[in-house]
Each structure stands twice: as structure tokens, then as C-alpha cells.
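Read off the chains here:
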Amino acid sequence: MLYAQLDANRVCRSVSRLKGKVERADMIPIPDLDQRLLGRLYTSGQFLGLAVSAPKTVLAVDEIVTITVAWVDLDGQVCPHEETVTARAAGGSVDVTMPGGQGEFDFSADVPGTYTIVVSSGAGVVASLEVSVQ
């Protein structure tokens, strides 16, 4: 039997093959040992992750780019999970509301460099995007 094991926040922390059937709330039967489940939130019968994207990731100093964050299923389709997430970069942070499972925020920097924007949910689901400012 194949299972995804969830932590207390319902985030998948392992996938495993067990000899017998297990009936526990934190053990979800799965069809195959899919490593993509790791770090995803299990809700409403599906595993959701965060996707972060921007129309461009190389910016000029003080140029503003709108970054999109979405809750997505294993096929990359946006799902209507509305949990707010937090985006962090360069010592700052912003809460991003997710109506319909998707939200946006603006990013800019006044100092050249490479910035890693980390987006995380309260449950511990994490995604990141690297932006270069020249």
C-alpha cells in the first residue's frame, strides 16, 4: 500500500510503501510514489502547492514587477483555496490575499543584486522566485 504522510498542518512530509493497510487520519492512500506531493497541502481531497511567477525576472533598479502567486494542483491548475500567504524578500514582507486561489503583489528594489522572493503559507507550504535587479 502506498501512502502520503501528513504533518499536523496537513502538509505531506513523506511518501511511502507499507506492507499493510493503514487507517490513520495522517496517512492518505496514493496511487504511486509521487515525490511531487512532498511539501504540498492536502485539502478537499487534493494536494495543493504554491506557484510563483512574474512576467520578467530581470529588472532595472526601481522597476516594478507584479508577481503572481497561486494555489495549484499537481497539473499546475489554479485551485480555489483562499488561504492568505506571506511573501518575503530583502528583509521585508507582505501578506497576499488569495481570492479564487490566486493573488498578486508588486516587487521592486533600489539596490542591484539577486533577490529570492519566498512565499509561504501558515501551514508551511513554500515556493520561491529569484529576481535579478541590475
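Draft legend 1. Spotlight on the pattern of salt bridges. The final tally for this structure, using the stated rule, is five salt bridges. Close ionic contact of D34 with R36 constitutes a salt bridge, the shortest N to O distance being 2.8 Å. Judged by relative accessible area, D34 falls into the buried class, the value being 14%. You can call R36 partly exposed: its relative accessible area is 46%.

Draft legend 2. Just the sheet that holds strand β12 (residues 126-133), in detail. Strand order across the open sheet formed by five strands is β6-β12-β11-β8-β9, with mixed pairing between neighbours. Pairing within the sheet leaves two strands with one partner each, and these edge strands are β6 (58-59) and β9 (92-96). Pairing analysis gives five bridges linking strand β8 (residues 85-89) to β9, with the strands arranged antiparallel. Within the sheet, the bridge partner assigned to R88 lies in β9 and is S93.

Draft legend 3. Seen up close, the sheet that holds strand β3 (residues 27-29). Spatial ordering of the open sheet is given by β2-β1-β3, a layout of three strands whose pairing is antiparallel. The outermost strands of the open sheet, each flanked by one partner alone, are β2 (12-17) and β3. The sheet shows a mean angle of 30 degrees between the axes of neighbouring strands, taken without regard to direction. Here three bridges tie strand β1 (residues 2-6) to β3, and the two strands are oriented antiparallel to one another. Paired with A4 across the two strands is I28, which belongs to β3.

Draft legend 4. Representation of the packing of aromatic side chains in the model. As enumerated under the stated definition, the model contains two aromatic pairs in all. With a centroid separation of 4.7 Å and an interplanar angle of 50 degrees, the aromatic rings of Y42 and F47 are classed as tilted. Both residues of the pair, Y42 and F47, belong to the buried class.

Draft legend 5. Local environment of the nonpolar core. In this structure, L50, I67, W71, V85, F107, I117 and V119 are the most contacted members of the largest nonpolar core, which totals 28 residues. At the level of secondary structure, the elements contributing two or more residues to this core comprise β5 (46-53), β7 (65-72), β8, β10 (102-107), β11 (113-121) and β12. Residues in contact with I67, not counting those within four places in the same chain, are V52, S53, A54, G103, E104, F105, F107, I117 and L129. Listed in part, the ten residues of the second largest apolar core include L6, I28, L37 and Y42.

Definitions and cut-offs
- Residue numbers run consecutively from 1 along every chain, following the written order of its sequence.
- In view of the model being predicted, local features appear only for residues whose pLDDT reaches at least 70, and side-chain atom pairs are presented and counted only at 80 or more, with totals across whole chains, interfaces and linings using the full set of residues.
- For the side-chain quantities, the full set of heavy atoms in the structure was used; hydrogens and water were omitted.
- The salt bridge criterion pairs a side-chain nitrogen of Lys or Arg with a carboxyl oxygen of Asp or Glu, the two atoms within 4 Å.
- Buried means the residue's accessible area, taken with a 1.4 Å probe over protein chains only, is under 20% of the maximum for its type, while exposed means over 50%, and partly exposed covers the values in between.
- Two strands pair if DSSP finds at least two bridges between them.
- We count a stretch as a helix when DSSP gives it H or I for four or more residues in a row; a strand needs E for two or more, and each element gets its number in order from the N terminus.
- To obtain an axis, a line is fitted to C-alpha atoms, over the contacting stretch when the element is a helix, and the angle between two such axes runs from 0 to 180 degrees between their N-to-C directions.
- Side-chain rings of Phe, Tyr and Trp, where Trp is taken by its six-membered ring, are said to pair if the distance between their centres is within 6.5 Å; with planes under 30 degrees apart they count as stacked, over 60 as edge-to-face, and otherwise as tilted.
- Take the buried residues of types Ala, Val, Leu, Ile, Met, Phe, Trp, Tyr and Cys, join any two whose side-chain atoms come within 4.5 Å, and each joined set is a nonpolar core.
- The criterion used for residue contact is that any of the two residues' heavy atoms lie within 4.5 Å.

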